[in-house]
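Residues per chain are reported as follows:
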Amino acid sequence: MSLAVAVVGAGGVYGRHLVPRLLMRGHRVRALVRRPGSTPPGAETHVADIFDDLALRRALEGCHAVVNLATAVPRPDQPADFTRNDRIRREGTATLVAACRDAGRPRLIQQGIAMVHAGGGETLLDEAAPMHPGPATASAIEMEAMVRDSGLSHLILRGGLFYGPGTGREAQWLAAARAGTLAIPGDGSDFASLIHVADMAEATALAVDARNATGALLVIDDHPVRWRDLYTRIASLTDAPPPPTGAPVRLPSFRCSNAAAQAALGWRPFYADYRAGLAA
């Protein structure tokens, strides 16, 4: 069934991977962007900031589904200032929810983060695990609560740590390895649950079609990785020696399962783990 799908933040890295997949499935895509000229080919452009209630309502009229990808997460090579991203999650989500109610109550698919399940040690966590607010996760947890309490049909996709084309993440890792500055956070025993941006986009496109899927799903690859194993692998790709431990720990450990997303969406990550994704 062809649907009218609005993608908020369509001009970003995630959106540029998602929009072609929606078009390929026969959907009519409205790309909501902050600036003209950043729309992926084939989509209908609407200039609408997530804080602009009137522009959002006009852009969402007649849509069956809305996918909210709006973020302002700093790239790995930028200062770690999350002020604007927190505001988008809190104020922007509230504005978007209100616009959805006024525009016919389309189904809302919201980008979340798997890092809300920080902690757990060696335990493989699922969507029922407690969420832990912290500097990196508090606004994401508040955002989820707004979506859950909105009265809208919704699905939250808790993505892992992005890497892949356009994200800049593996480029930064490899550059640091070549320069001899790559260092493992702490003792390297903490976990990260990663997701290649193309796999995240594929899961999101499937979520648009899976209209009975509700609640929240963890969208991550099959094998969470310890930082020491990931960074040692990256160093080996550049023929650099194994990196030292002891770098500052900037992210909480999170080791999660994608079993529910696989079952609900009929999805499997093409890049099963970091080794496949980095080889690409």
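Each remark here, short or long, concerns the structure printed above.
For the structure given in this document, a descriptive report is provided here. The structure presented is a predicted model; accordingly, all values stated were derived computationally and were not measured. (Residues numbered from 1 in each chain as written. Predicted model: local features only at pLDDT ≥ 70, side-chain atom pairs only at ≥ 80, totals over all residues. Heavy atoms only, no water.)

Re the environment of V208
Stated precisely, the cut-off is as follows: Helix and strand definitions here come from DSSP, where helices need a minimum of 4 consecutive H or I residues and strands a minimum of 2 consecutive E residues; each element is numbered from the N-terminal end. The contact rule is simple, with two residues in contact once any of their heavy atoms fall within 4.5 Å.
Among the secondary structure elements, V208 is positioned in helix α6 (residues 197-209). Placed 179 residues apart in sequence, V208 and V29 show a C-alpha to C-alpha distance of 12 Å. V208 has contacts with L3, V5, L22, H27, V67, R107 and I109, leaving out every residue within four places of it along the chain.

Some details on unusual backbone geometry
Most peptide bonds take the trans form, and the phi angle of most residues other than glycine is negative. The test is simple: Buried residues are those whose accessible area, probed at 1.4 Å on protein chains only, stays under 20% of the maximum for their type, while exposed residues exceed 50% and partly exposed ones sit between those limits.
Even without a glycine there, the phi angle at R105 is positive, about 60 degrees. Relative to the helices and strands, R105 resides in the loop between α3 (83-102) and β5 (107-113). Note on R105: relative accessible area 42%, which makes it partly exposed. Despite not being glycine, D239 shows a phi value in the positive range, around 60 degrees. Its location among the elements puts D239 in the loop between α7 (227-237) and β13 (245-247).

Some remarks on the nonpolar core
Applied cut-off: Residue types Ala, Val, Leu, Ile, Met, Phe, Trp, Tyr and Cys, when buried and joined through side-chain atoms within 4.5 Å, form a set referred to as a nonpolar core.
In this structure, V7 and L265 are the most contacted members of the largest nonpolar core, which totals 35 residues. Of all the secondary-structure elements, those providing two or more residues to this core are β1 (4-8), α1 (13-24), β2 (28-33), β4 (65-68), β6 (154-159), α6, β11 (215-219) and α8 (259-265). Ranked by residue count, the leading element in this core is α6, at 8 residues. I141, A177, L182 and L218 belong to the second largest nonpolar core, which has 30 residues in total.

Concerning the side chain of E170
What counts, and what does not: For the purpose of counting charges, residues Lys and Arg are taken to be positive, whereas Asp and Glu are taken to be negative. His and the chain ends are not included. Salt-bridge detection follows one rule: a side-chain nitrogen of Lys or Arg within 4 Å of a carboxyl oxygen of Asp or Glu. Think of a polar contact as two N or O atoms within 3.5 Å of one another; within protein, one of them needs to be a possible hydrogen donor and the other a possible acceptor, and neighboring residues in sequence only count if both atoms come from side chains.
Its location among the elements puts E170 in helix α5 (residues 169-179). R169 provides the closest opposite charge to the buried, unpaired E170, separated from it by 6.7 Å. Polar contacts involving the side chain of E170 include one to the main-chain amide nitrogen of G164, which spans 3.0 Å. In contact with E170, other than residues within four places in its own chain, are Y163, G164, P165 and L278.

Description of α5
We apply this condition: The arc in question is the one spanned by the directions pointing from the helix axis to the C-beta atoms.
Within α5, burial applies to R169, E170, W173, L174, A176 and A177. Buried positions in α5, seen along its axis, are confined to an arc of 160 degrees and lie on one side of it. Projecting away from the buried face of α5 at angles above 90 degrees are the exposed residues R178 and A179. Elements in contact with the buried residues of α5: β7 (161-163), α7 and α9 (274-279). Two residues or fewer past α5, G180 is found with a positive phi of approximately 75 degrees.

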